[in-house]
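Each chain, letter by letter, is given below.
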Amino acid sequence: MNEPYVHVGILFEPQIEFVLNGTYLAGGEPVAGKQTATYDNGRILWNGRVYDELLFEPQDESTASFDLLDVTIGIGFHWERREDQRFQGALKIIVEDGKLTGIDIVRVEDYLTSVISSEMSATASLELLKAHAVISRSWLLAQIEKDKQIKASHTAYTASEQAPGECIKWYDREDHTRFDVCADDHCQRYQGITRASTEAVRRAIAATRGQVLMYDGQICDARFSKCCGGAFEEFQYCWENIRHPYLARQLDRKGGSAVTGSPVVACPDLTRESEADRWIRTSPPAFCNTTDKRILSQVLNNYDQETTDFYRWRVEYGQDELADLIRRRSGVDYGRIVDLVPVARGTSGRLWKLKIVGTRHTCTIGKELEIRRTLSPSHLYSSAFVVDKEDIGPDGVPGRFVLTGAGWGHGVGLCQIGAAVMGEQGYAYDTILLHYYIGASIEKRYE
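What counts as what
Residues numbered from 1 in each chain as written. Predicted model: local features only at pLDDT ≥ 70, side-chain atom pairs only at ≥ 80, totals over all residues. Heavy atoms only, no water. Buried < 20%, exposed > 50% of the residue type's maximum accessible area, 1.4 Å probe, protein only. Helix = DSSP H or I, 4+ residues; strand = E, 2+ residues; numbered from the N terminus. Pairing = 2+ DSSP bridges. Contact = heavy atoms within 4.5 Å. Axes fitted to C-alpha atoms, helices over the stretch in contact; angles between N-to-C directions. Salt bridge = Lys/Arg side-chain N within 4 Å of Asp/Glu carboxyl O. Left-handed = near helix turned anticlockwise from the far one by under 90°. Nonpolar A, V, L, I, M, F, W, Y, C, P; charged D, E, K, R; others polar. Core = buried A, V, L, I, M, F, W, Y, C linked by side-chain atoms within 4.5 Å.

Asker: Quick rundown of the pairing of strand S20 (residues 362-366)? Include the residues and the values.
Answerer: Counting buried residues along S20, four of its five residues qualify, which places the element largely inside the surrounding structure. With three bridges connecting them, strand S12 (residues 166-169) and S20 associate as parallel partners. Following the sheet pairing, Cys167 is matched in S20 by Ile365. Summarising the sheet, strand S19 (residues 351-358) and S20 pair through four bridges and their orientation is antiparallel. Of the residues in S20, the one forming a bridge with Lys355 is Thr364. The hairpin turn running from S19 into S20, its antiparallel successor, is three residues long.

Asker: Requested: an account of the sheet that holds strand S11 (residues 160-161), with residues and values cited.
Answerer: Sheet strands line up and pair through hydrogen bonds in the backbone, either parallel or antiparallel. One open sheet holds the five strands; their spatial order is S11-S12-S20-S19-S18, and the pairing between them is mixed. The sheet terminates laterally at S11 and strand S18 (337-345), the two strands that pair on one side only. Along the sheet face, helix H6 (residues 319-330) touches S18 and S19 and points at about 60° away from the line of S18.

Asker: Provide a residue-level description of the pattern of salt bridges, including the pertinent values.
Answerer: Enumeration over the complete set of coordinates arrives at 30 salt bridges. As a salt-bridge pair, Asp388 and Arg281 come within 3.0 Å of each other at their nearest N and O atoms. Placement of Asp388 in strand S21 (residues 385-392) and of Arg281 in helix H4 (residues 273-281) is noted, with a sequence separation of 107 residues between them. Each of Glu13, Asp70 and Arg82 takes part in salt bridges that share partners, so that together they form one network.

Asker: Break down the packing of helix H8 (residues 416-424) against helix H9 (residues 429-436) for me, citing the residues and quoting the values.
Answerer: Two packed helices can be described by the angle between their axes and the distance between those axes. The contact between H8 and H9 brings their axes to 10 Å, and the two run at 145°. For the crossing formed where H8 meets H9, the hand is right-handed. Every residue of H9 that contacts H8 at Gly418, Ala419, Met422 and Gly423 is listed here: Thr431, Ile432, His435 and Tyr436. Here the contact of H8 with H9 is composed, by residue class, of four nonpolar, four polar and no charged.

Asker: Which residues make up the environment of Thr177, and what values do they have?
Answerer: Examined against the element boundaries, Thr177 turns out to sit in the loop between S12 and strand S13 (181-182). Note on Thr177: relative accessible area 60%, which makes it exposed. In this structure the C-alpha to C-alpha distance between Thr177 and Glu53, which are 124 residues apart in sequence, comes to 16 Å.

Asker: Give a description of the environment of Cys415 that names residues and reports values.
Answerer: Among the secondary structure elements, Cys415 is positioned in strand S23 (residues 414-415). For Cys415 and Gly230, which are 185 residues apart along the polypeptide, the C-alpha to C-alpha distance reads 9.1 Å. Not counting residues within four places of it along the chain, the set of residues in contact with Cys415 comprises Ser225, Lys226, Cys227, Cys228, Asp252, Cys288 and Tyr436.

Asker: Lay out the nonpolar core with the relevant residues and their values.
Answerer: Formed by 98 residues in total, the largest nonpolar core has its most connected members in Phe18, Phe56, Leu68, Ile93, Tyr111 and Tyr437. Take this core: its biggest share by element is eleven residues, from helix H2 (residues 126-153). Not counting the four nearest positions on each side in its chain, Ile93 is found in contact with Ile16, Phe18, Ala37, Ile44, Glu53, Leu54, Phe56, Leu100 and Thr101. Ranked by size, the runner-up nonpolar core spans 20 residues in total, among them Trp313, Ile326, Leu340 and Ile371.

Listed below in structure tokens is the structure:
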């Protein structure tokens, strides 16, 4: 196959301001410079005329670029902010959900150069960069193929499971129907050529060009997160109820898998509450259990480095604070919060079902991201936490809740901080990959 193109949704606003650096073609006519497109009664107003969609194609793909102004990054997270961003490729503008959506159409390998520089520091070790190039490419192509299968089978995608007294939902890129992936943490961070790249990034992309992770004849759904907290989560506890054998329970440490060259150390059963409680309240050895700022700076961009204490962390809420937070985030008035009860955990100790008991309402929520969204003004670092209730009144209602937690993100697939440590310890990129994607193989998909 030839190198494919990917359609990336960048921003979603009533008005999009952009600058075409170089000559672009729109309907066969040359256009350049600063432009403004505005939502107008279900269509796009640009240059005094209305359109159903707009496509700006670079006359010279190798030299032209375009700027999108005031792009929101980190949507819904504690580092959310706006910035101007620059992109290669073509710009497409469509109408979607009462707004305009700006889409970058770019070659996969160019997309990957940005993803690696956006997801982590471009100064990371070469082996880590190569590993990340393979998983980012694999995840992207797996999602595109999944889209084709869904459309071919005419099967509706569902992202919720409902039972009496439960509200279980998950969030995945199938939320997007008009483009392949978005540019934020919901899919993969992609900030065009805004983030400075390096020769090491370009070498990593070139050295792994076309390479993907494969399992049983299929491209792996190569998920990744910042810090697994010492043990890997399994796919089905975060998203739809499908088990991928290569995303399996394992420790993130030497001896956690056969590929690290040591006798395999058994992973505790963190689906059991007693085991999860002990695991989360301690700080067991793991590749990702590091405070080395030099290594962390390879993975964490400047705004990510605002986050500290993510291997093990602690959050405290007063009763009024928590009750108001849950009401605002869920849209449900639980009254005063009586208890937060763990119902079901995954293989990393992450909760995928949590019962919120209130004086007015009780409901079991999930999966992991819904729990994280509900119990934080942005997102908890992870759903791997235990709860202590303090200052309990005569009516049994606590005055304070303390959450002690582990890890950052969903914990499925590659652990970025763990992989960075492995790279520093001399592990090659293929060993890193096969540590996190158990039983997978690395194959070349295109030249």
